[in-house]
Amino acid sequence: MPDKKAFIIIDLQKDYLWDKRKDMFTYDTEKLVGNVNRAIVSYKEEGYDIIYIKHILPKVMWGVGFSIKGTEGAELYEGLDIVSDLCFEKNRSDSYTSKAFREHMEKTGYSEVILSGLDECGCVGATAKGAVKTGIKVKMLGECIGSRFPEGKVQNMRQRLTALGVEYL
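Residues numbered from 1 in each chain as written. Predicted model: local features only at pLDDT ≥ 70, side-chain atom pairs only at ≥ 80, totals over all residues. Heavy atoms only, no water.

Naming follows an unreviewed UniProt entry, where the protein chain appears as Nicotinamidase-related amidase of Eubacterium ruminantium. The UniProt entry for the protein chain carries this comment under Sequence similarities (unreviewed entry): "Belongs to the isochorismatase family." (UniProt positions renumbered as here; feature names shortened; annotations may be inferred.)

Have a look at this one:
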């Protein structure tokens, strides 16, 4: 089987990045999306599959007010380059809790994933842990991962992921 690799973009949705976002989402949209778009071009040229993940919550659950199924804000951010049809929805932090995503990953037999998106102390970190459990090589592309949490919490997450074998690029 050929050596399959994927560049995964997690939760780069309007609710977290556009000008109508909640104040708690303090990401530098222009910088983050620009870095991710450059990485998409680079990894696609290297033969990586480009996979998009959207965090989607049912309207009837939680009262969170973002990532709600069927809302404009739950869609991928308009500045993000979409170069593949590989897009999966999840309703928990770890992308591997999505049956469709997990089945795609198993069926394709990836040997390595490079993660990007939002948030390092949230869904990106949780997905890294989920990927480690599958036995594949996991890398975090630091310049393409946003975090809205204090530096101490980010460093703690990095230490925990590094201890699991996750590599930071």
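Don't stop here, the text continues.
As a further point, take the environment of Lys 4. Within the secondary structure layout, Lys 4 lies in strand S1 (residues 4-10). Considering only alpha carbons, one finds Lys 4 and Leu 164, 160 residues apart in sequence, at a separation of 22 Å. Beyond its immediate sequence surroundings of up to four residues, Lys 4 is in contact with Asp 49, Thr 108, Gly 109, Tyr 110, Ser 111 and Glu 112. A polar side-chain atom of Lys 4 sits 3.3 Å from a polar atom in the side chain of Asp 49. (Helix = DSSP H or I, 4+ residues; strand = E, 2+ residues; numbered from the N terminus. Contact = heavy atoms within 4.5 Å. Polar contact = N/O pair within 3.5 Å; in protein donor to acceptor, adjacent residues only side chain to side chain.)

The next point concerns the packing of helix H4 (residues 123-133) against helix H5 (residues 151-163). It is at 10 Å that the axes of H4 and H5 come closest, and there the two elements cross at 10°. When the axis of H4 is compared with that of H5, the two are roughly parallel. Together, Gly 125, Ala 128 and Lys 129 of H4 and Met 157, Arg 160 and Leu 161 of H5 make up the contact between the two elements. Counted by class, the contact of H4 with H5 contains three nonpolar, one polar and two charged residues. (Axes fitted to C-alpha atoms, helices over the stretch in contact; angles between N-to-C directions. Parallel < 35°, antiparallel > 145°, perpendicular 65-115°, else oblique. Nonpolar A, V, L, I, M, F, W, Y, C, P; charged D, E, K, R; others polar.)

Right, let's talk about unusual backbone geometry for a bit. If a residue is not glycine, its phi is most likely negative; likewise, a peptide bond is most likely trans. Following Leu 118, the chain continues into Asp 119 via a peptide bond in cis, with omega recorded as -10°. Within the secondary structure, Asp 119 sits in the loop between strand S4 (110-118) and H4. A positive phi is found at Asp 11, a non-glycine position, where the angle reads about 60°. By the secondary structure assignment, Asp 11 is in the loop between S1 and helix H1 (14-17). With a phi close to 60°, Ser 67 is a non-glycine residue in the positive phi region. Assessed through its relative accessible area of 0%, Ser 67 is described here as buried. (Buried < 20%, exposed > 50% of the residue type's maximum accessible area, 1.4 Å probe, protein only.)

Another point: helix H2 (residues 29-45). For H2, which comprises 17 residues, the first-to-last C-alpha distance of 24 Å matches the rise-based estimate of 24 Å (1.5 Å per residue) to within 8%. The set of residues buried in H2 consists of Thr 29, Leu 32, Val 33, Gly 34, Asn 35, Val 36, Asn 37, Ala 39, Ile 40 and Tyr 43. (Expected span 1.5 Å × (residues − 1).)

In terms of residue burial, strand S5 (residues 137-146) counts as a mostly covered element, since seven of its 10 residues are buried. Here six bridges tie S4 to S5, and the two strands are oriented parallel to one another. Bridge pairing in S5 links Gly 117 to Ile 145. Note on the crossover from S4 through H4 to S5: the handedness is right-handed. By the bridge criterion, two bridges tie S5 to strand S6 (residues 167-168) in an arrangement that is parallel. Counterpart to Met 140 in the pairing with S6 is Tyr 168. With H5 bridging S5 and its parallel neighbour S6, the resulting β-α-β unit is right-handed. (Pairing = 2+ DSSP bridges. Right-handed = clockwise from strand over helix to strand, strands pointing away.)

With the rule as written, the count across this model stands at 10 salt bridges. One salt bridge in this structure joins Asp 3 and Lys 5, with 3.9 Å as the shortest N-O distance. Take Asp 3: its relative accessible area is 55%, and that puts it in the exposed class. What makes Lys 5 partly exposed here is its relative accessible area of 25%. Across the salt bridge formed by Arg 158 and Glu 120, the nearest N and O atoms sit 2.7 Å from each other. Placement of the pair is Arg 158 in helix H5 and Glu 120 in the loop between S4 and H4, with a sequence separation of 38 residues. Looking at Glu 120, the relative accessible area reads 2%, which means it is buried. (Salt bridge = Lys/Arg side-chain N within 4 Å of Asp/Glu carboxyl O.)

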